[in-house]
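Summary of structural features
These are the residues of each chain, in order.
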Amino acid sequence: MRYLMMSKASENAKAPDEKLFAEMGAFIEELSAAGVMLATGGLAPGGVRLVSEGGEVTVTDGPFAESKEAVVGFALVEVRSQEEAVELARRFRRIVGDGESVIQEVFGP
């Protein structure tokens, strides 16, 4: 089963330092070596929003008013269960500190 694990922006997030980079690097290396981590990365704060209605597609450049809702990082993992994805997300949150993450199952091949 594949899950997309997303981390949202947080005003309470601790500033990255050498310890955080080392812990995150070791975590990513462990998951990659185990074949669990398929992709990971940070996301630019702006973005583009597309909305379709009645055949019209409207494109709006970010940043957007509710930037606290913006996803700032992601990991695509392949695990045996949702519980395993939740445990990986718990480990991630322990490394990065306060904030919010969302996990969604990815359907398809």
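Residues numbered from 1 in each chain as written. Predicted model: local features only at pLDDT ≥ 70, side-chain atom pairs only at ≥ 80, totals over all residues. Heavy atoms only, no water.

With that out of the way, let us pick up the packing of helix α1 (residues 18-33) against helix α2 (residues 82-96). For the pair α1 and α2, interaxial distance at closest approach is 9 Å and the crossing angle is 165°. In terms of their interaxial angle, α1 and α2 are classed as roughly antiparallel. Regarding α1 and α2, the two cross each other, and that crossing is right-handed. The segment α1 lies against α2, with L20, E23, M24, F27, E30 and L31 engaging L88, R91, F92, I95 and V96. Residues that form the contact of α1 with α2 fall into these classes: eight nonpolar, no polar and three charged. (Axes fitted to C-alpha atoms, helices over the stretch in contact; angles between N-to-C directions. Helix = DSSP H or I, 4+ residues; strand = E, 2+ residues; numbered from the N terminus. Parallel < 35°, antiparallel > 145°, perpendicular 65-115°, else oblique. Left-handed = near helix turned anticlockwise from the far one by under 90°. Contact = heavy atoms within 4.5 Å. Nonpolar A, V, L, I, M, F, W, Y, C, P; charged D, E, K, R; others polar.)

Turning next to the environment of V72. Counting through the fold element by element, V72 comes out in strand β5 (residues 71-78). On the accessibility criterion, V72 (34% relative accessible area) is partly exposed. Expressed as a C-alpha distance, the spacing of V72 and A44, which sit 28 residues apart in the sequence, is 6.9 Å. (Buried < 20%, exposed > 50% of the residue type's maximum accessible area, 1.4 Å probe, protein only.)

The next subject is the nonpolar core. As a rule of thumb, soluble globular proteins bury nonpolar side chains together. Judged by nonpolar contacts, the single largest core of 17 residues is most densely connected at V77, V79 and L88. Of all the secondary structure elements, the ones that give two or more residues to this core are β1 (2-8), α1, β5 and α2. Leave out the neighbours within four places in its chain, and V79 touches M1, Y3, V36, E84, A85 and L88. (Core = buried A, V, L, I, M, F, W, Y, C linked by side-chain atoms within 4.5 Å.)

Moving on to a nonpolar patch on the surface. Side chains of V48, L50, V57 and V59 sit close together on the surface and give an oily, nonpolar patch of about 380 Å² of accessible area. Elements supplying a minimum of two residues to the nonpolar patch: β3 (48-53) and β4 (56-61). Within the fold, V57 resides in strand β4. (Patch = residues over 30% accessible without salt bridge, like charges linked within 9 Å, V, L, I, M, F, W, Y side chains within 5 Å. Areas by Shrake-Rupley, 256 points an atom, 1.4 Å probe, with all protein chains shown as cover. Salt bridge = Lys/Arg side-chain N within 4 Å of Asp/Glu carboxyl O.)

Size it by volume and the largest pocket reaches roughly 560 Å³. Lining the largest pocket are 29 residues, with S7, M24, G73, F92 and V96 sitting closest to its centre. Contributing elements (two or more residues each) for the lining of the largest pocket: β1, α1, β2 (37-42), β5 and α2. In terms of residue count, α1 provides more of the lining of the largest pocket than any other element does, six residues in total. Tallied by class, residues from the lining of the largest pocket come to 18 nonpolar, seven polar and four charged. (1 Å grid on protein atoms, 1.4 Å probe; cavity = no way out; pocket = protein on both sides within 12 Å on 5 of 7 lines; lining within 4 Å. Points joined across faces, edges and corners; volume = space filled by probe spheres on them.)

Before going further, it helps to examine the sheet that holds β5. If you walk across this open sheet you meet the four strands as β2-β5-β1-β6, and the pairing is antiparallel. Each end of this open sheet is capped by a strand with a single partner; those strands are β2 and β6 (101-106). The mean angle between the axes of side-by-side strands here comes to 15°, regardless of whether they run parallel or antiparallel. Across six bridges, the pairing between β1 and β6 is antiparallel. The residue of β6 that forms the bridge with S7 is S101. Across the sheet, α2 touches β1, β5 and β6, and the angle it forms with β1 is around 30°. (Pairing = 2+ DSSP bridges.)

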